[in-house]
Amino acid sequence: MPFYNHILGFPRIGINRELKKFQENYWSGTINKLELLSIGKYLRNKHWKQQKEAGIDLLPVGDFAWYDHVLHTSMLLGNIPNRHKNIDGSIDIDTLFRIARGVAPTGNSTTASEMTKWFNTNYHYIVPELNNNCSFEYSWTQLIDEVDEALLLGYKIKPVLLGPISYLWLGKTTEKTFNKLELINRIIPIYQHVILELHKRKIDWVQIDEPILSLDLPNNWADSFKNVYTSLNQGVNILLTTYFGSVEHNFNHILNLPIQGIHIDIVSGNYDLNQINKIIPNDWLLSLGVINGRNIWRADLIHLYRKLIKMINIRPNIYISSSCSLLHCPIDVNLEQHLNQETKNWFSFALQKCHELFLLKTSLNNHDINLLEDWVKPLHSRETSKKVHKKNITERINNIQTNEFKRQHPFSIRSKIQKKYFNLPILPITSIGSLPQTINLRKMRSDFKNSYITFDEYNKGIKKYIKDCIAKQEILDLDVLVHGEPERNDMVEYFGEHLDGFVFTKNGWVQSYGSRCVKPPIIIGDISRNKPITIKWISYAQSLTNKPVKGMLTGPVTILCWSFPREDLSKSKIAMQIALALKDEVLDLENAGINIIQIDEPALREGLPLRKSKWNKYLSWATKSFCLSAASVKDSTQIHTHMCYCEFKDIMNAIIQLDVDVITLEATRSNLKLLKFFRDARYLNEIGPGIYDIHSPNIPTVDSIKKLLKTAIHYISPNRLWVNPDCGLKTRSWKEVEKSLQNMVTATKDIRKLI
Ligand code: GLN
Ligand code: ZN
């Protein structure tokens, strides 16, 4: 039997980010609904055609989404919070945008639904709202419409649905005693209805994604698969689709299901294919996710060929596929004109990945490994390339001494030295780093990048901004100042651009959420710092004031998590390389007289593996890499870190290990409740809980800040408390920021009098 190929999903944003632009134009009223809908159709048709031309056998339908595919599932199921419904109770695309954004061209504005990270990726989905009153009905025909659209074009297709159990798992319920899994019987009829519609259209296979199977599931959730999939087994073959990790630990719940096929991700799951062959029922279709959907490297097809060819006589039914949806990688590397040819040939974006699946399938079916030789040749050049391997960096990593991970003295001693040294008032006031980035500032940066202005002009402009920022902070009477980060477009991109070992794409956009796309840097080789990065700006800021100015860096784990990493070196080693480069920067800052240095690690929690059994290993190297970058400073130098949007309770021990002098946190959304974790974990170092929500345009009142400060003091002794907003201020306007900071200072001064 021959091999076939398919992919689990294609990027939906369009090569020119058309989906982003049209959605934003629709929201602002520049285009109408028909124009918006037509771009959706255009993108779907184009992407199917491209996949077909690249040699994909079975095309996914239903991977397209306005805003987000979990939100599409809520629409399909009619799970619409009352506040988002149209005035007449109907639903349409504006309802969808209201759920996602709180506003749409029609209807009343209200609060949006929450958004959170899709497993351990940087994609964010809209969290379904679930409660006992939820009623469901089939109410959004988009999926079936798209199926008809593709069938009309004559394609062989495979509709894609987010599975009912994963859908409920990803939702949130506000009622404490309510078990959301109870809703399963209410949503099954709608899935059945959709499957029936597919059956009517003579669809062979439906891809039902149950990515939660790679997690540690409570028994009742794992047990629910049997009944659910028994009721969905209604004439269309079900390809139960798993990704982002191995599902072996759940095989006892999977192997007895009445389904017809399974997809496993053999890139992120450490499967033994011999075992798989024996275990997976022989009459099931086995789809092997062999091409990494989450990274941008050209695949070693020869290696894969050797692995797969052994299976050809054993199993009748094998499909090869992307490990997960290609949603997580950019579309076309051939558009990257500025990359040098050697480097470009190491990469493979979504379209190239489709081509890889075609090449691999063809060579397997013809028993001809030679077809693959040209494709893998560039990978050999990489093995010896000087761009990748740098001897001195390997040596430096091998020579790291254990004392480099530890501060000279414990916090109890350091803190006394620092209190004397800085002589700050009780409840010192600071900010997280970035200050408002005006349109002019952004334009100046891009003008400099495009060589429209000279280095001197750029330099002057940045200095002027820094000078203004320092003056404003002095007037506001903050205690520890920042330079405002005007030279940075993005906290990871900036450091990537100034370190050796990274390259950047011009068009390598990946959807992060809704219409927001990011262009992650690519780590191609050993990382080092050739010259100081931030010293010039920070020293300039410090020269303007007698108050301390914080040096501002992005931590090793965050730089790693928000980039495409290389795959020939472990993540822990890459993180150590970044850490060593940052350590040089930290020591240079210290030598330049900067005595407070903040190393941001907002992605520390995000890097946690999906399985709890792997957490300790990750947290151990993640904290070590942070410590390596920070720990070599003098006792009197104060190290800060900042973290946002995370479940702090999962990483409390790691936070203790970081042994920073001050941690600033995003905390307003939980009303500072998270300080309880710090108290209960006996966290003894200093803490700056964010006391105003920078994500909202509302100005916090003096009273509301005072109230929060009192709550903070309830949990943490005022001697160890700092006062600050909960994240960087770059997306806000100066008007909002000045008023908010003013209120923050007034409130703090009032509270100081009470202590
Ligand atoms: N220092 C960064 C800033 O202020 C931190 C941003 C973040 O936490 N994501 O913008
Ligand atoms: Zn933050």
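Residues numbered from 1 in each chain as written. Chains lettered and ligands numbered in written order. Predicted model: local features only at pLDDT ≥ 70, side-chain atom pairs only at ≥ 80, totals over all residues.

**As for the UniProt feature "binding site: Zn(2+) 1" (unreviewed entry) in the chain**
Selection criterion: UniProt positions are given in the numbering used here, feature names are shortened, and annotations may be inferred rather than shown by experiment. What counts as a helix is a DSSP run of H or I of at least four residues, what counts as a strand is a run of E of at least two, and both are numbered from the N terminus. Residues are scored as being in contact if the C-beta atoms we place from backbone atoms lie within 7 Å.
When the UniProt feature table is mapped onto this chain numbering, "binding site: Zn(2+) 1" (unreviewed entry) sits at His642, Cys644, Glu666 and Cys727. Spanning 86 residues, the named residues form one tight spatial group whose C-alpha atoms are at most 8.3 Å apart. On the secondary structure map, cysteine 644 appears in the loop between β19 (638-643) and α24 (652-658). Apart from the residues lying within four places of it in its own chain, the contact partners of cysteine 644 are Pro602, Glu666, Asp726 and Cys727. Structurally, cysteine 727 can be placed in the loop between α26 (702-715) and α27 (734-754). With near-sequence residues (within four places) excluded, cysteine 727 lies in contact with Ile432, Cys644, Glu666, Gly690 and Ile694.

**Things to note about unusual backbone geometry**
Rules: Burial is judged by counting other C-beta atoms within 10 Å of a residue's own C-beta: 20 or more means buried, 12 or fewer means exposed, and anything between counts as partly exposed, with every C-beta placed from the backbone.
The backbone of phenylalanine 119 sits at a positive phi, close to 50 degrees, despite the residue not being glycine. Unusually for a residue other than glycine, histidine 367 sits at a positive phi of about 50 degrees. Of note, histidine 367 is situated in the loop between α13 (350-365) and α14 (373-384). Classification of histidine 367 as exposed rests on a count of 9 C-beta atoms within 10 Å.

**Things to note about the pairing of strand β11 (residues 285-291)**
If a strand is regular, its side chains alternate between the two faces of the sheet. The test is simple: When DSSP finds at least two bridges between two strands, those strands are taken to pair. Crossover handedness is defined by viewing with both strands directed away from the observer: a clockwise path from the first strand over the helix to the second marks the crossover as right-handed.
Among the 7 residues that make up β11, 7 are buried, leaving the element largely enclosed by the rest of the structure. As paired strands, strand β10 (residues 261-265) and β11 are joined by 5 bridges and run parallel to one another. Note that in β11 the partner of aspartate 265 across the bridge is glycine 289. Two strands pair when backbone bridges link them, and β11 and strand β12 (residues 318-322) are joined in this way by 5 bridges, in the parallel orientation. Bridge pairing in β12 links isoleucine 291 to serine 322. Of the crossover connections in this fold, the one passing from β11 over helix α11 (residues 301-309) to the parallel β12 is right-handed.

**Considering the UniProt feature "binding site: L-homocysteine" (unreviewed entry) in the chain**
Feature annotation in UniProt assigns "binding site: L-homocysteine" (unreviewed entry) to the following positions: Ile432, Gly433, Ser434, Glu485 and Asp600. Taken along the chain, the residues just named run across 169 residues; in space they keep tight, none of their C-alpha pairs more than 12.9 Å apart. In this structure, aspartate 600 is in contact with Met491, Thr554, Gly555, Thr558, Thr641 and His642, ignoring residues within four places of it in sequence.

**Notes on the site of ligand 1**
Definition in use: Whether a residue is near a molecule or strand depends on its C-beta atom, placed from the backbone, lying within 6 Å of it. Note on residue categories: nonpolar means Ala, Val, Leu, Ile, Met, Phe, Trp, Tyr, Cys or Pro, charged means Asp, Glu, Lys or Arg, and polar means any other residue, Gly included.
Within the structure, ligand 1 sits among 13 residues, and Ile432, Gly433, Ser434, Pro602 and Gly728 are positioned closest to it. Tallied by class, the residues present in the shell around ligand 1 amount to 6 nonpolar, 4 polar and 3 charged.

**What to know about the nonpolar core**
Put simply, the rule reads: Defined on buried residues, the nonpolar core groups Ala, Val, Leu, Ile, Met, Phe, Trp, Tyr and Cys residues joined through C-beta atoms within 7 Å.
Core analysis: the largest hydrophobic core is formed by 209 residues, its most contacted members being Leu96, Val206, Ile238 and Ile578. Per-element tally for this core: the top contributor is helix α22 (residues 571-591), with 10 residues. Excluding its chain neighbours within four sequence positions, the residues that come into contact with isoleucine 578 are Ile527, Pro556, Ile559 and Leu560.

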